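Spelled out, the chains give:
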Amino acid sequence: MNVRSETATAAAREDAPVLVWFRNDLRVGDHPALAAALDSGRPVLPLYILEEQAPGDCALGAASLWWLHHSLDALAGRLADLGAPLHLRRGRAEDIVPDLAERLDAAAVFWNRRYEPWAIATDRDIKATLRDRGVAAESYNGTLLHEPWEVKTKQGGWYGVFTPFWKAECALGDPPAPIDPPRGIPAASIAGLPPSDDLADWALLPTRPDWAGGLRAAWTPGEAGARDRLSAFLEDGVPDYPETRNIPGIEGTSRLSPHLHFGELSPRQIWHWALERVRESGSGKLERGVWAFLREIGWRDFNHNLLFHTPEMTHKNYQSKFDAFPWREDEAALRAWQQGMTGYPLVDAGMRELWETGYMHNRIRMLVASFLVKDLLIPWQRGEAWFRDTLVDADLANNVANWQWTAGCGADAAPYFRIFNPVTQGEKFDPDGAYVRRWVPELADLPNKAIHAPWTADAQTLARAKVELGRTYPHPIVDHKRARQLALDAYQEVKGAA
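Just so you know, these numbers come straight off a predicted model, no measurement behind them.

What counts, and at which threshold
- Residues numbered from 1 in each chain as written.
- Predicted model: local features only at pLDDT ≥ 70, side-chain atom pairs only at ≥ 80, totals over all residues.
- Heavy atoms only, no water.
- Buried < 20%, exposed > 50% of the residue type's maximum accessible area, 1.4 Å probe, protein only.
- Helix = DSSP H or I, 4+ residues; strand = E, 2+ residues; numbered from the N terminus.
- Pairing = 2+ DSSP bridges.
- Right-handed = clockwise from strand over helix to strand, strands pointing away.
- 1 Å grid on protein atoms, 1.4 Å probe; cavity = no way out; pocket = protein on both sides within 12 Å on 5 of 7 lines; lining within 4 Å.
- Points joined across faces, edges and corners; volume = space filled by probe spheres on them.
- Nonpolar A, V, L, I, M, F, W, Y, C, P; charged D, E, K, R; others polar.
- Salt bridge = Lys/Arg side-chain N within 4 Å of Asp/Glu carboxyl O.
- pLDDT = per-residue confidence, 0-100.
- Contact = heavy atoms within 4.5 Å.

1. Remarks on the pairing of strand E5 (residues 136–140)
Part 1 of the reasoning: Taking every second residue as pointing to the same face, the buried face of E5 carries Ala137 and Ser139, while none of Ala136, Glu138 and Tyr140 on the other face is buried.
Part 2 of the reasoning: Note: strand E4 (residues 108–112) against E5, five bridges, orientation parallel. Along E5, the bridge assignment pairs Asn112 with Tyr140.
Part 3 of the reasoning: The parallel pair E4 and E5 is bridged by helix H5 (residues 117–132), and the resulting crossover is right-handed.

And the structure:
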């Protein structure tokens, strides 16, 4: 009997197990693949693979690896409590999944879909291999409100501009209601399987130096932490969200992005729980805040839509005319930007927040990205790579699409001539300097009128604040006015050549 017929015979047995492959969906609530496995009535083996075939632009950065360790630890505990321990393996998914399915005599393998180009190719190959061996292989939407192929133009195409995309997505109606978490999971026998890896052996956490203290203080990875953060935001933050979301000195945003990135919470849960909160309260102010917030979930869907339809945007300009843009390679300027030592306090505050906590306020992300690509003329790919390594929410679709948006070469892009001024942005969104004082403490004693432009302060003011430009805090590494004009001149060259 050949492998295919042997596996088909195993799949016909009522007790043949189902393999549930966890990926960027590290939860048990609203988990379509897990729910399908439980609906089959078969025993279940939960599996997570630390995949080694991901290309460089998709590999997890150091901050994401820290989060992954803690999220997997939380998921493993939850699954063990439900009766089915998590099986860990490291290597090539194309080898591991079919091998485990064969060793288990599995009836099926279920997973939730991913949308990165390499992941789509991997999943397609695995699905073909399994089906050729007679093993059912099914995938589900556990990541987005709607699939990229569901939000279509009237001509049946896809959207390259957000506003019509969002209108079309809303016109599809509410996404399906989230699936309740299981009360128990029947465990598959693992007799004869290679033992599960030990999570600690993967060495995902930093050792020496231990740079993760700020991350530990700021975050609680895992499904429970995600639900607690969403509940707190819906209770206290969302009513004022339209007004507070742009103020970096207060916690006016949901800070749910890393939980969404690792799938500890689903967009469907957010959608339905947020609207349920509106129905319970009957508050118009709350409803306005909820829809402003849900629009950001729609922006996340839009970015995945772009990546799905234009996978080359991970490394190429969405607008090809920018291929001729005269970018500069300036390692010293790049390091100053990475270290938060540009001499522009709001930029430096953002980069230091990123290094300390693995996170940066969205308004400041736009500012620091604009500074890198337009004040310094450094290619957006260098900034995207730094964010990928240092962000705990380094989602490929969001990271690439948002960097290209700010650089002016992406979809639905801000015009290239929209160049953020670090001083006026600070005066508008951090008027009392609270954000700068927290993350750039050497400037904390400057008065409000000088906190965003210390080089404008007189000698007495600087002396009282114990600020010595060039020693305790750097001079600006570029003159913004001149840098802005150089960027505009460069854009005119590209525009004329298009």
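2. Brief notes about the layout of surface pockets
Part 1 of the reasoning: Approximately 1100 Å³ is the volume attributed to the largest pocket.
Part 2 of the reasoning: Around the largest pocket, the lining is made up of 38 residues, and of these Arg245, Glu296, Trp299, Asn362 and Asn402 lie nearest the centre.
Part 3 of the reasoning: Elements with a minimum of two residues in the lining of the largest pocket: helix H6 (162–171), helix H10 (257–261), helix H12 (284–309), helix H15 (362–375) and helix H17 (396–407).
Part 4 of the reasoning: It is H12 that provides the largest number of residues to the lining of the largest pocket, a total of seven residues.
Part 5 of the reasoning: Residue classes in the lining of the largest pocket are distributed as 16 nonpolar, twelve polar and ten charged.

3. A look at the pattern of salt bridges
Part 1 of the reasoning: Taken as a whole, this structure holds 24 salt bridges when the rule is applied.
Part 2 of the reasoning: As a salt-bridge pair, Arg23 and Asp123 come within 2.7 Å of each other at their nearest N and O atoms. Note that Arg23 is positioned in the loop between strand E1 (18–22) and helix H2 (32–39) and Asp123 in helix H5, a separation of 100 residues in sequence.
Part 3 of the reasoning: A salt bridge links Glu147 to Arg113; the shortest N-O distance between them is 2.4 Å. With Glu147 in the loop between E5 and H6 and Arg113 in the loop between E4 and H5, the pair connects residues that are 34 residues apart, well separated along the chain.
Part 4 of the reasoning: Salt bridges sharing common partners tie together Arg23, Glu51, Arg114 and Asp123.

4. Quick notes on the confidence of the model for the protein chain
Part 1 of the reasoning: Chain-level statistics for the protein chain give a pLDDT mean of 93 and a share of 95% at 70 or above.
Part 2 of the reasoning: Segment residues 1–11: pLDDT under 50, and 21 contacts once partners within four positions in sequence are set aside and those in other chains are kept.

5. A look at unusual backbone geometry
What you tend to see is this: most non-glycine residues have negative phi, and most peptide bonds are trans.
Part 1 of the reasoning: One non-glycine residue, Ala203, lies in the positive phi region at around 55 degrees.
Part 2 of the reasoning: Turning to its location among the elements, Ala203 is positioned in the loop between H6 and helix H7 (213–218).
Part 3 of the reasoning: If you check the backbone angles, Lys466 has positive phi at about 60 degrees while not being a glycine.
Part 4 of the reasoning: By secondary structure assignment, the location of Lys466 is in the loop between helix H21 (459–464) and helix H22 (480–497).

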